[in-house]
Amino acid sequence: MNASQPSILRLQQLGSALLQPFSLNLRGGEICCLTGTSGSGKSRLLRALADLEPHQGEVWLDDQNQQQTPAHLWRLQVRLVPAESQWWSDEVADHFPADYDPEDLKALGLSSDAMEWQVSRLSSGEKQRLALLRALAFPLKVLLLDEPTANLDPATTLRVEHWLKQQIARHRWPVVWVAHDREQVQRVADLELVIQDGEVQEMLIGSD
Ligand SMILES: Nc1ncnc2c1ncn2[C@@H]1O[C@H](COP(=O)(O)OP(=O)(O)OP(=O)(O)O)[C@@H](O)[C@H]1O
């Protein structure tokens, strides 16, 4: 496939001990919000898509089958941004490419010198936004977001949503976005999947 063409993520009869099998085609640039009560299996579904949890059924990225792709190569393309980020060095900058342009810090309401900070001083909201920037600083084809604004105040949440939507529209990644906030779902989603009693159902946006 041409590198500039948007990818398609296809789930075929994806299921697990927790979830009844379901299928979905997600095109480049589409945001699918994944909702459901706490413990319904949203994070585990994202982990299955990232090949971090066993599952039934198949996941395809264009013509690549997840099961036939080495896990580390799959995860380079299918980027999971977990709810809680991991940091492997003391300095923020060490987690970014050497030639990273820190222009986006401002867009996310972060200080322009945040790259020079120690990870140990980061607030939970700063950590969350820097983890998001870091995840998008390296090439990817599919984006999986687990409650990307969970630690943020309402104004910063809107900023982050706006920035994410711009990035997604520009790069045309298929996106699965776990959200609890109904208003956020209404603002960002092209489609919504709800997990209820182990069943995954598609809801029409604006239907609640
Ligand atoms: N490794 C595991 N082994 C067994 N059960 C697990 C494992 N990880 C999570 N669970 C359980 O699976 C269920 C779904 O967990 P998951 O983290 O996907 O929920 P969630 O929908 O993302 O919840 P929340 O909205 O609270 O983050 C929970 O009951 C959880 O305790």
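Residues numbered from 1 in each chain as written. Predicted model: local features only at pLDDT ≥ 70, side-chain atom pairs only at ≥ 80, totals over all residues.

Right, let's talk about the overall build of the chain for a bit. Assigned secondary structure in the chain consists of six helices and 10 strands. Taken along the three principal axes of its C-alpha coordinates, the chain extends 45 × 40 × 30 Å. Among the 208 residues that make up the chain, the fraction classed as buried is 31%. The long-range fraction of contacts in the chain, counting pairs at least 24 apart against all pairs at least 6 apart in sequence, stands at 69%. (Helix = DSSP H or I, 4+ residues; strand = E, 2+ residues; numbered from the N terminus. Buried ≥ 20, exposed ≤ 12 C-beta atoms within 10 Å, placed from the backbone. Contact = placed C-beta atoms within 7 Å.)

Let's shift gears to unusual backbone geometry. Of note in the backbone geometry, Glu147 takes a positive phi value of approximately 45° without being a glycine. Within the element layout of this structure, Glu147 appears in the loop between strand E7 (142-146) and helix H5 (154-171). With a phi angle near 50°, Asp197 is a residue other than glycine that sits in the positive phi range. Residue placement: Asp197 occurs in the loop between strand E9 (191-196) and strand E10 (199-203).

A few words on the sheet that holds strand E5 (residues 64-65). Taken together, four strands build an open sheet; the order of strands is E2-E1-E4-E5 and the sheet is antiparallel. Looking along the sheet, the strands with just one partner apiece sit at the ends: strand E2 (22-26) and E5. The pairing of strand E1 (residues 9-15) with E2 spans four bridges and is classified as antiparallel. Pairing of Leu14 across the sheet is with Phe22, part of E2. (Pairing = 2+ DSSP bridges.)

One open sheet accounts for six strands, arranged E6-E7-E8-E3-E9-E10; its pairing is mixed. Two strands bound the open sheet, and with one partner strand each, they are strand E6 (78-81) and E10. Sheet twist, expressed as the mean angle between neighbouring strand axes with direction ignored, is 20°. (Axes fitted to C-alpha atoms, helices over the stretch in contact; angles between N-to-C directions.)

Glancing now at helix H1 (residues 42-49). Among all positions in H1, only Lys42, Leu45, Leu46, Ala48 and Leu49 are buried. When H1 is viewed along its axis, its buried side chains cluster within an angular range of 155° and face the same direction. (Arc of directions from axis to C-beta.)

In terms of nonpolar packing, the biggest core is built from 46 residues, with Cys33, Leu46, Leu49, Leu144, Val175 and Trp177 touching the most fellow members. Excluding its chain neighbours within four sequence positions, the residues that come into contact with Trp177 are Ile31, Cys32, Cys33, Leu34, Leu145 and Val188. (Core = buried A, V, L, I, M, F, W, Y, C linked by C-beta atoms within 7 Å.)

Around the ligand sit Gly36, Ser38, Gly39, Ser40, Gly41, Lys42, Ser43 and Arg44, and those are all the residues in its vicinity. Counting residues per element, the shell around the ligand draws most heavily on H1, which supplies three residues. Grouping the constituent residues of the shell around the ligand by class yields no nonpolar, six polar and two charged. (Near = placed C-beta within 6 Å. Nonpolar A, V, L, I, M, F, W, Y, C, P; charged D, E, K, R; others polar.)

Once that is clear, we can look at the environment of His95. Tracing the sequence through the fold places His95 in the loop between E6 and helix H3 (104-107). In this structure, the C-alpha to C-alpha distance between His95 and Ala135, residues 40 residues apart in sequence, is 9.4 Å. Excluding residues within four positions of it along the chain, His95 makes contact with Trp87, Ser89 and Arg134.

Chain-level pLDDT for the chain is 94 on average; 97% of the residues reach the 70-or-more range. Both confidence scores are given for the complex: pTM 0.94, ipTM 0.94. (pLDDT = per-residue confidence, 0-100.)

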